[in-house]
Amino acid sequence: FHQEKWIYVHKGSTKERHGYCTLGEAFNRLDFSSAILDSRRFNYVVRLLELIAKSQLTSLSGIAQKNYMNILEKVVQKVLEDQQNIRLIRELLQTLYTSLCTLVQRVGKSVLVGNINMWVHRMESILHWQQQLNNIQITRPAFKGTTLTDLPLCLQLNIMQRLSDGRDLVSLGQVAPNLQVLSEDRLLWKKLCQYHFTDRQIRKRLILSDKGHLDWKKMYFKLIRCYPRKEQYGDTLQLCRHCHILSWKGTDHPCTANNPETCSTSLSPQDFINLFRF
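Residues numbered from 1 in each chain as written. Predicted model: local features only at pLDDT ≥ 70, side-chain atom pairs only at ≥ 80, totals over all residues. Heavy atoms only, no water.

Per an unreviewed UniProt entry, the protein chain goes by F-box only protein 32 and derives from Pterocles gutturalis. The Subunit (unreviewed entry) field of the UniProt record for the protein chain holds the comment "Part of the SCF (SKP1-CUL1-F-box) E3 ubiquitin-protein ligase complex SCF(FBXO32) formed of CUL1, SKP1, RBX1 and FBXO32." The protein chain has a UniProt comment under Pathway (unreviewed entry) that states "Protein modification; protein ubiquitination." (UniProt positions renumbered as here; feature names shortened; annotations may be inferred.)

Printed below as a string of structure tokens:
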């Protein structure tokens, strides 16, 4: 596949479109293989893979579908080596496997490109990757210096406030008794709810504890079942409104605008997919 730093996205309204104006072409030509090696872009690419798995697999060409599986394999290998983002990739693989189960049942209706046996083999690969992730044994570092529990309580709480996923808070609380106490802090869960959800959404899902106080922890897990959480990424793809060039943030591109930086709009993974819906 061509590996480019930017591509031109034609936004004309005619049927005769020019340039790389399909999701599959953009996915093939932008260098996502290198992007997953960048910690600022890793979560962005994973979220994009998840959205494609949910609803866009059938819109990809055969080459793009092959490229998708190749990038997914590299993601899994990276997680196995780094022992990080394990839960995130488990959820991605489960989403993809569920989608493929539905699509394979519709074989003969041109929903997947390629031989059915090839897709069965890919599904077997997904199951194998899931098993590998389940068998990961986290190795403790040999370093015996200061740990999180050695820090003052105010610093421990400050670190917890920087976690954006409630499940990470719950997991951290299982490490040590004092962390378990801090992980139940009402203000911590309140800030987490306010970070991800609007006041209107929160008011619609109020839950009171036995003591008559708002139970922010239960509210958080109820809210994430009802509404999408706020997404924030260290680095994103962006679209130049002046020249319609799509590139990673911070990438120079041949723009004729006087001030190209003011013409760029950051795209969320969903925005990226919506860009190719005509």
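Past the structure itself, the notes keep going.
Chemist: How should the nonpolar core be read in this particular structure?
Modeler: Most often, soluble globular proteins have nonpolar side chains that are buried together. Phe32, Tyr68, Ile89, Leu96, Leu246 and Phe272 are the most contacted members of the largest nonpolar core, which has 53 residues in total. Setting aside chain neighbours within four positions, we find Tyr68 in contact with Phe27, Leu49, Ile52, Ala53, Leu57, Leu60, Leu92 and Leu96. Membership of the second largest hydrophobic core comes to 18 residues, among which are Leu182, Phe197, Ile207 and Leu223. (Core = buried A, V, L, I, M, F, W, Y, C linked by side-chain atoms within 4.5 Å. Buried < 20%, exposed > 50% of the residue type's maximum accessible area, 1.4 Å probe, protein only. Contact = heavy atoms within 4.5 Å.)

Chemist: I would appreciate a short explanation of the packing of helix H3 (residues 39-56) against helix H5 (residues 86-104) in the present structure.
Modeler: The description of two packed helices rests on the angle between their axes and on the distance between the axes. The N-to-C vectors of H3 and H5 enclose an angle of 20 degrees; their axes lie 8 Å apart at closest approach. With respect to their mutual orientation, H3 and H5 come out roughly parallel. Judged by the sense of rotation from one axis to the other, the crossing of H3 with H5 is left-handed. Residues Phe42, Asn43, Val46, Leu49, Glu50, Ala53 and Lys54 of H3 form the contact with H5, whose participating residues are Leu88, Ile89, Leu92, Thr95, Leu96 and Ser99. Taken together, the residues that form the contact of H3 with H5 break down as 8 nonpolar, 3 polar and 2 charged. (Axes fitted to C-alpha atoms, helices over the stretch in contact; angles between N-to-C directions. Helix = DSSP H or I, 4+ residues; strand = E, 2+ residues; numbered from the N terminus. Parallel < 35°, antiparallel > 145°, perpendicular 65-115°, else oblique. Left-handed = near helix turned anticlockwise from the far one by under 90°. Nonpolar A, V, L, I, M, F, W, Y, C, P; charged D, E, K, R; others polar.)

Chemist: Please clarify how helix H8 (residues 166-173) should be interpreted in this entry.
Modeler: For an α-helix, 3.6 residues make a turn, and residues three or four places apart therefore share a direction. Those residues of H8 lying buried are Gly166, Leu169, Leu172 and Gly173. Within H8, the buried residues cover an arc of 120 degrees as seen down the axis, which keeps them to one side. On its buried side, H8 packs onto helix H7 (153-160), helix H9 (177-182), helix H10 (186-196) and helix H12 (216-226). (Arc of directions from axis to C-beta.)

Chemist: I keep staring at the UniProt feature "domain: F-box" (unreviewed entry) in the protein chain and nothing clicks. Help me out?
Modeler: Here the UniProt-annotated "domain: F-box" (unreviewed entry) positions come out as residues 149-194. For residues 149-194, helix accounts for 67% and strand for 0%, while the C-alpha atoms at its two ends are 27 Å apart.

Chemist: When you look at H10 in this model, what are you seeing that I'm missing?
Modeler: Among the residues making up H10, those that are buried are Leu188, Trp189, Leu192, Cys193 and His196. Projection of H10 onto a plane perpendicular to its axis shows the buried side chains occupying an angular sector of 135 degrees, all on one side. Packing partners of the buried residues in H10 comprise H7, H8, H9, helix H11 (199-203) and H12. Among the residues of H10, the N-terminal cap falls to Asp185, whose side-chain oxygen and the backbone nitrogen of Leu187 are separated by 3.1 Å. (Polar contact = N/O pair within 3.5 Å; in protein donor to acceptor, adjacent residues only side chain to side chain.)

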